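For reference, the chains in residue letters:
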Amino acid sequence: GDSVTQMEGPVTLSEEAFLTINCTYTATGYPSLFWYVQYPGEGLQLLLKATKADDKGSNKGFEATYRKETTSFHLEKGSVQVSDSAVYFCALSSTSGTYKYIFGTGTRLKVLA
Amino acid sequence: NAGVTQTPKFQVLKTGQSMTLQCAQDMNHNSMYWYRQDPGMGLRLIYYSASEGTTDKGEVPNGYNVSRLNKREFSLRLESAAPSQTSVYFCASRVELTVMNTEAFFGQGTRLTVV
């Protein structure tokens, strides 16, 4: 079945460091891919998305490119801030018959001043 | 902009008690979801509703029931709570189940503890 695999956390970085959070997926067909962010005590909110191969989603300095050849959707940011500390979830919108949203396990990011 | 509203935000139950988690969305979305979030396991789908009047099981439906009361509301019921149901529960909605490129909108979550 369809699945999403994320790198394990927690990831601890100093402010202004470069961030990469790896995400790979397994899916039949052509899913849409998403990154969600969850700040402490809150629900998930969409960070960015990409709906077809080679699309780049971007928002708030974060970027991710839909790579069909490597089935990946890695999240990157050139210079992280303390306010980016949160849990990040990779997700896909399944093209299988049930049309479910499938989430990775989440990666906790802690940015130190 | 209310979006997706869940009640209650916190709840403590004793083993064997029942309760209903409420969810309402004001975005005129057709599909709605219930997830549970547990440490190290991400979000797991409990039940979903493609449209008013329909519900389907997700990955972990055992011990839960749902009702799609109308287009706005989707409730989750625990008939006899167990400690294994201690979790954070999220309701989400989406425009249309089959439109894959649309995102889901989440409520703030309900933190449930079963003792």
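Bear in mind that the values here come from a model prediction, so they are computed numbers and not experimental data. (Residues numbered from 1 in each chain as written. Chains lettered and ligands numbered in written order. Predicted model: local features only at pLDDT ≥ 70, side-chain atom pairs only at ≥ 80, totals over all residues. Heavy atoms only, no water.)

**Student:** Could you give an account of the sheet that holds strand S1 (residues 4–7) of chain B, naming the residues involved and the relevant values?
**Tutor:** Residues and elements named next belong to chain B. The strand order S1-S3-S8-S7 describes an open sheet built from four strands, whose pairing is antiparallel. At either end of the open sheet lies a strand with only one pairing partner, and these are S1 and strand S7 (64–68). Strand-to-strand twist in this sheet, taken as the mean axis angle between neighbours without regard to direction, amounts to 15°. Pairing of S1 with strand S3 (residues 19–25) involves four bridges; the strand directions are antiparallel. Within S3, the residue paired with Thr-7 across the bridge is Gln-22. (Pairing = 2+ DSSP bridges. Helix = DSSP H or I, 4+ residues; strand = E, 2+ residues; numbered from the N terminus. Axes fitted to C-alpha atoms, helices over the stretch in contact; angles between N-to-C directions.)

**Student:** Got a sec to walk through the nonpolar core? Specific residues and values, please.
**Tutor:** Within the largest apolar cluster, 26 residues are counted, with the highest numbers of intra-cluster contacts made by Leu-19, Trp-35, Leu-47, Leu-48, Phe-73, Leu-75 and Tyr-88 of chain A. Among the elements of the structure, strand S2 (11–14), strand S3 (19–21), strand S4 (23–26), strand S5 (32–38), strand S6 (44–50), strand S8 (62–65), strand S10 (86–93) and strand S12 (107–112) of chain A are those that each provide at least two residues to this core. Broken down by element, this core gets its largest block of residues, four residues, from S10 of chain A. Sequence-distant contacts of Leu-48 of chain A, defined by excluding residues within four places in its chain, comprise Leu-33, Phe-34, Trp-35, Gly-57, Ser-58, Asn-59, Phe-62, Glu-63, Ala-64, Phe-73 and Leu-75 of chain A. Listed in part, the 19 residues of the second largest apolar core include Leu-21, Ile-46, Cys-91 and Val-114 of chain B. (Core = buried A, V, L, I, M, F, W, Y, C linked by side-chain atoms within 4.5 Å. Buried < 20%, exposed > 50% of the residue type's maximum accessible area, 1.4 Å probe, protein only. Contact = heavy atoms within 4.5 Å.)

**Student:** Tell me about the environment of Thr-12 of chain A, and please be specific about residues and values.
**Tutor:** Residue and element names in this part refer to chain A. Relative to the assigned elements, Thr-12 resides in strand S2. Separated by 96 residues in sequence, Thr-12 and Arg-108 have C-alpha atoms that sit 8.5 Å apart. If we skip the residues at most four places from it in the chain, Thr-12 touches Lys-110 and Leu-112.

Remember that the coordinates give geometry; whether it matters functionally is a separate question.
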